[in-house]
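Structural description and commentary
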Amino acid sequence: MTTGSAGTGAGAPATPPAGAVYPVGLRLLDRRVVVVGGGQVAHRRVAGLLEARAQVTVVSPEVTPALEALVAPGSLTWLRRRYEPGDLDGAWYAVAATDDPDVNAAVAAEAERGRIFCARADDRASSSVWTPATGRHGDLVVGVHGGGDPQRAIAVRDAVVSGLTDGTVPDRVSRASTTGRAGAVVLVGGGPGDPALITVRGRQAVAQADVVVADHLAPLSLLASLPEDVEVIDASKLPRGRSMAQEQINELLVSRALAGKRVVRLKGGDPFVFGRGMEEVEACLAADVPVEVVPGVTSAISVPALAGIPVTHRGMTHEFVVVSGHLPPGHPQSLVDWSAIARLRGTVVVLMGVETAPAIAAALVEHGRAPSTPVAIVSDGSTPTQRTVRTTLAELPATLATADIRPPSVWVVGDVVSLAPAPGAHPAGAADGSR
């Protein structure tokens, strides 16, 4: 994609004095590229070159710490000196990115003599190559030249990539499986509920889906943007209420994929944090269905964070533990050692533990936690109705009743709760229902 300068006359646009830009994609795999300079500009260019798997040589007396970190593992070669004539020998492409215009001019001149395309970072007019603003959507690369205006190119690039990500710019061809089979399953962790907190890859997968099997805790507003031909299946599991059996969910994923569909299993949080994700992976593998796992932002960390509560804090806690509270202490099927949890000095985060909270609090106190230990209960995390209630272990049962706490709620035990901002504050951008 290239945008050029506007013409000065009616009808055909005028040709820029330097000639129109000819857009082309360089395939630099295992080809030598020389970058002269070791500062931030060079750092940014090297990142893209390494992604293209070029053999990169950096020539500079000094480099950024990030570039230096790439030397030991062999990701690039560093010539720790100033540029010298002949440094471009054998190169397919060159970048002149020093803060000395004379050095950059010398690099560009050597490149011109050797018929090597060269991007000169300080002088576009003297460059034989203009680097576009680039973005990626899977294996699709978008490159935009802005007619000499880099901010214009960046704005257009961002708009296109954003559209590809959220599905407003359709890329239906990307649904085809790279494994050679039409059907596949993607397990997507949707985060705590706010659609803005799903990962980029997760949003891409949803936009490319033929079938979406969704939980009620997933960011359901994403479903409204899907084309009408996308099948949406409600696989919610309501606490102590209606739910779709896990075996039925597994069968849905497999059958739709074997029918040639691109299936997305959209879950709240992360698929592998009390999400039964591995059971679904195993079902797919047993049926020889390709399956991908897209990690999600788990509510165990994100929901406390949105309430201003860090699960760790320097000098206060060196560990935190995440516990499923769906079974109370003493239940014959419980796998949790509550006595060991109580002896920890750090933070305890309890998921799915509203109904069992009184029994859990009693067990923690019985096995050593102080009754005065701070507790925060965060309900409807990341949604406009999010609220936080603070109490102690001793007062937790009464607080649950008087505050009418309902799922979904995450509760946090430990001294970190005392770090939370005062009621009425809006931590982490959670102001005025903006989520």
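Residues numbered from 1 in each chain as written. Predicted model: local features only at pLDDT ≥ 70, side-chain atom pairs only at ≥ 80, totals over all residues. Heavy atoms only, no water.

For the protein, the helix and strand inventory stands at 11 helices and 18 strands. Relative to its full complement of 435 residues, the protein shows a buried share of 43%. In the protein, the share of contacts with a sequence separation of at least 24, taken over all contacts with a separation of at least 6, comes to 61%. Approximately 22,500 Å² of the protein is accessible, and the part contributed by carbon and sulfur atoms is 55%. (Helix = DSSP H or I, 4+ residues; strand = E, 2+ residues; numbered from the N terminus. Buried < 20%, exposed > 50% of the residue type's maximum accessible area, 1.4 Å probe, protein only. Contact = heavy atoms within 4.5 Å. Areas by Shrake-Rupley, 256 points an atom, 1.4 Å probe, with all protein chains shown as cover.)

With that settled, consider the confidence of the model for the protein. Taken as a whole, the protein shows an average pLDDT of 88; of its residues, 88% reach a score of 70 or greater. Contacts of residues 1–16 to residues separated by more than four positions or lying in other chains number 19 contacts, the stretch itself having pLDDT below 50. Counting interchain partners and residues more than four positions distant, the pLDDT-below-50 stretch residues 424–435 has 18 contacts. (pLDDT = per-residue confidence, 0-100.)

Within the largest apolar cluster, 23 residues are counted, with the highest numbers of intra-cluster contacts made by Leu364, Leu396 and Trp411. If you list the elements that add at least two residues to this core, you get β14 (320–324), α9 (338–343), β15 (347–351), α10 (357–366), β16 (374–379), α11 (396–402) and β18 (409–413). Counting residues per element, this core draws most heavily on α10, which supplies 5 residues. Residues in contact with leucine 364, not counting those within four places in the same chain, are Trp338, Ile341, Ala342, Arg369, Leu393 and Val413. Counting residues in hydrophobic clusters, the runner-up holds 18 residues, among them Val33, Ala42, Val58 and Ala119. (Core = buried A, V, L, I, M, F, W, Y, C linked by side-chain atoms within 4.5 Å.)

Quick look at the sheet that holds strand β2 (residues 32–36) now. Taking strand neighbours across the sheet as the criterion, the 5 strands line up as β4-β3-β2-β5-β6 in an open arrangement whose pairing is parallel. Looking at which strands have only one partner, the edges of the open sheet turn out to be β4 (76–79) and β6 (117–120). The sheet shows a mean angle of 15° between the axes of neighbouring strands, direction not considered. (Pairing = 2+ DSSP bridges. Axes fitted to C-alpha atoms, helices over the stretch in contact; angles between N-to-C directions.)

Now for the environment of glycine 183. Relative to the assigned elements, glycine 183 resides in the loop between α4 (150–166) and β9 (184–189). Along the sequence, glycine 183 and leucine 258 sit 75 residues apart, while their C-alpha atoms lie 5.9 Å from each other. Ignoring anything within four residues of it in the chain, the contact list for glycine 183 reads Ala257, Gly260, Lys261 and Pro290.

Under the criterion given, the structure shown has 0 aromatic pairs. Of note, arginine 31 hangs over the ring of tryptophan 92, and the distance from its end group to the ring centre comes to 4.4 Å. For the cation-ring pair, arginine 124 lies above tryptophan 130, with the distance from its terminal atom to the ring centre recorded as 4.0 Å. (Phe/Tyr/Trp six-rings, centres within 6.5 Å; stacked < 30°, edge-to-face > 60°. Lys NZ or Arg CZ within 6 Å of the ring centre and 35° of its normal.)

Side chains of Tyr22, Val24 and Leu26 sit close together on the surface and give an oily, nonpolar patch of about 380 Å² of accessible area. Mapped onto the fold, valine 24 is located in the loop between β1 (2–3) and β2. (Patch = residues over 30% accessible without salt bridge, like charges linked within 9 Å, V, L, I, M, F, W, Y side chains within 5 Å. Salt bridge = Lys/Arg side-chain N within 4 Å of Asp/Glu carboxyl O.)

The strand order β11-β10-β12-β9-β13 describes an open sheet built from 5 strands, whose pairing is parallel. Across the chains shown, the open sheet's two edge strands, defined by having one partner strand only, are β11 (231–234) and β13 (291–294). The average angle at which neighbouring strand axes cross in this sheet is 15°, direction not considered. Summarising the sheet, strand β10 (residues 211–214) and β11 pair through 4 bridges and their orientation is parallel. Bridging from a neighbouring strand, valine 212 pairs with valine 232 of β11.

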